[in-house]
Amino acid sequence: MTFQIKDRVAVVTGGSSGIGFETVRLLLSQGARVAFCGRDETRLARAVAMLRQLFPDADLLAHACDVLDKESVQHFADAVRQQFGSVDMLINNAGQGRVANLEDTADEEWLIETRLKLFGVLHPLKAFQPLLEKSDIASMTCVNSLIALQPEPHMIATSAARAALLNLTHSLAHELVEKGIRVNSILLGMVESGQWRRRYELRSERDLDWKAWTARIAERRGIPMKRLGRPQEPAQALVFLASPLSSYTTGSCIDVSGGFSRQI
Ligand code: NDP
């Protein structure tokens, strides 16, 4: 069975690294036409070069864009309309988390975090909705985190903002069903990616290599599968939810946390 997305158009925000990059790669491997964005031009160019090596004939568009800048997202959507005409799958992945407890989180940082989680989805949705409405398989799929349901005190603002996003995506699923757009999300645990690489560079346990360091995190946090996820794993869940394989699914979440969830 394939994902049934050959020649379909996908947009991935934050596609230049980690989970987003693996999602772009998987979409291209399935014959989809893909547009992706990120803020840093150098990172984008590096991602394009890697993807071009793997898929020399791919219909690919990379565009520098900050999802929090409404005008810049609209320019991205205009570029996508020019190259592809319509969009079948919007995958909202761009973002990052904030490691800080109550004491270390200033008022402004609460606002920054909430703005990122909500407008990181709302701006792309508003800009791409007219293109999604042209599709007969339209979907929007969001990367979210298990901390939306299971808050972590050391990520207090991110947890609250993730819960808000989970609530929002549920409302959007109900509102957009009439427009023929399915809306779903994935709930991540801890996944090896750019964010964790950056934390690894700053680690205090300098004697531990990457494998030992991530295994220790998994052990300390009590992840039943005893390892962090690999970016390919959430990518597969994202593409499944975005694709016609999940045609009767909206307003739902897939847990990609290695069994870390305590919810029933
Ligand atoms: P990476 O740092 O590897 O990738 C993040 C991607 O998003 C990059 O391409 C980055 O490019 C882009 N990006 C970040 N902010 C923006 C922005 N404002 N506008 C446009 N692009 C942006 O991280 P991950 O792959 O780990 O993260 C992917 C998503 O998963 C994020 O939303 C993250 O919060 C979420 N997540 C990850 C977890 C994990 O354990 N890895 C756990 C829970 C959630 P650039 O910096 O150039 O803009």
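Residues numbered from 1 in each chain as written. Predicted model: local features only at pLDDT ≥ 70, side-chain atom pairs only at ≥ 80, totals over all residues. Heavy atoms only, no water.

## With respect to the state of the cysteines
At step 1: One pass over the full model with this rule turns up 0 disulfides.
At step 2: Cysteine C142 is unpaired, with the sulfur of C253 as its nearest cysteine sulfur at 9.7 Å.
At step 3: Judged by relative accessible area, C142 falls into the buried class, the value being 0%. (Disulfide = S-S within 2.5 Å. Buried < 20%, exposed > 50% of the residue type's maximum accessible area, 1.4 Å probe, protein only.)

## Here we look at the site of the ligand
At step 1: For the ligand, the set of nearby residues contains 30 residues, the closest of which are S16, S17, R39, N93 and S193.
At step 2: Contact distances for the ligand include 2.9 Å between an oxygen atom and a side-chain N or O atom of R43.
At step 3: Separating an oxygen atom of the ligand from a backbone N or O atom of G194 is a distance of 2.9 Å.
At step 4: Going through the elements one at a time, α1 (18–29), β5 (139–145) and α6 (194–201) are the ones with two or more residues in the shell around the ligand.
At step 5: Sort the elements by how many residues they give to the shell around the ligand and α6 lands first, with 4 residues. (Near = heavy atom within 4 Å. Polar contact = N/O pair within 3.5 Å; in protein donor to acceptor, adjacent residues only side chain to side chain. Helix = DSSP H or I, 4+ residues; strand = E, 2+ residues; numbered from the N terminus.)

## Observations concerning the confidence of the model for the protein chain
At step 1: Considering every residue of the protein chain, the mean pLDDT works out to 96; 100% of them sit at 70 or more.
At step 2: Ranking the elements of the protein chain by mean pLDDT puts α6 last with 86 and strand β4 (residues 89–92) first with 99. (pLDDT = per-residue confidence, 0-100.)

## Side note on the environment of Q74
At step 1: On the secondary structure map, Q74 appears in helix α3 (residues 70–84).
At step 2: With a relative accessible area of 34%, Q74 lands in the partly exposed category.

## Concerning the environment of I186
At step 1: Within the secondary structure, I186 is located in strand β6 (residues 182–188).
At step 2: It is 9.7 Å that separates the C-alpha atoms of I186 and A235, two residues lying 49 residues apart in sequence.
At step 3: Beyond its immediate chain neighbours, meaning those up to four positions away, I186 contacts C142, V143, N144, S145, P234, A237, L238, L241, I254 and V256. (Contact = heavy atoms within 4.5 Å.)

## Some thoughts on the nonpolar core
At step 1: Counting residues in hydrophobic clusters, the biggest one holds 32 residues, and the most contacted among them are V11, F76, V80, V87, F128, M140 and L172.
At step 2: Looking at this core, the elements with two or more residues in it are β1 (9–13), β2 (33–38), α3, α4 (107–132), β5 and α5 (156–176).
At step 3: Top element by residues in this core is α4. It accounts for 7 residues.
At step 4: Among the nonpolar cores identified, the runner-up in size contains 31 residues, and V12, L27, V191 and L241 belong to it. (Core = buried A, V, L, I, M, F, W, Y, C linked by side-chain atoms within 4.5 Å.)

## Topic: the pairing of β2
At step 1: For β2, the buried fraction is high: 5 of the 6 residues fall into the buried class.
At step 2: One ladder, built from 5 bridges, connects β1 with β2; its direction is parallel. Bridging across to β2, A10 finds its partner in V34.
At step 3: Handedness of the crossover joining β1 and β2 through α1 is recorded here as right-handed.
At step 4: The pairing of β2 with strand β3 (residues 60–64) spans 5 bridges and is parallel. Paired with G38 across the bridge in β3 is A64. (Pairing = 2+ DSSP bridges. Right-handed = clockwise from strand over helix to strand, strands pointing away.)

## Points about the packing of α1 against helix α8 (residues 232–242)
At step 1: Interaxial distance between α1 and α8 falls to 8 Å at its minimum, and their mutual angle equals 55°. Classified by the angle between their axes, α1 and α8 sit oblique to one another. Both α1 and α8 take part in a crossing whose hand is right-handed. Residues I19, E22, T23, L26 and L27 of α1 form the contact with α8, whose own contacting residues are Q232, P234, A235, Q236, L238 and V239. (Axes fitted to C-alpha atoms, helices over the stretch in contact; angles between N-to-C directions. Parallel < 35°, antiparallel > 145°, perpendicular 65-115°, else oblique. Left-handed = near helix turned anticlockwise from the far one by under 90°.)

## Structural notes on a positive patch on the surface
At step 1: A contiguous patch of positive charge on the surface is contributed by R39, R43, R46 and R198.
At step 2: Along the polypeptide, R46 turns up in helix α2 (residues 41–54). (Patch = residues over 30% accessible without salt bridge, like charges linked within 9 Å, V, L, I, M, F, W, Y side chains within 5 Å. Areas by Shrake-Rupley, 256 points an atom, 1.4 Å probe, with all protein chains shown as cover. Salt bridge = Lys/Arg side-chain N within 4 Å of Asp/Glu carboxyl O. Lys, Arg positive; Asp, Glu negative; His and termini not counted. Charge placed at Lys NZ, Arg CZ, Asp CG, Glu CD.)

## Structural notes on the pattern of salt bridges
At step 1: Under the criterion given, the structure shown has 13 salt bridges.
At step 2: When the shortest N-O distance is used, the salt bridge between R8 and D88 registers 3.2 Å. Pair noted here: R8 is in the segment before β1 and D88 is in the loop between α3 and β4, with a separation of 80 residues, a long-range link.
At step 3: R8 sits in the partly exposed class, given a relative accessible area of 22%.
At step 4: The partner of E113 in a salt bridge is R98, and the shortest N-O contact between them spans 3.8 Å. Of this pair, E113 sits in helix α4 while R98 sits in the loop between β4 and α4, and the two are 15 residues apart along the sequence.
At step 5: The network of salt bridges with common partners includes R98, E109, E113 and K117.

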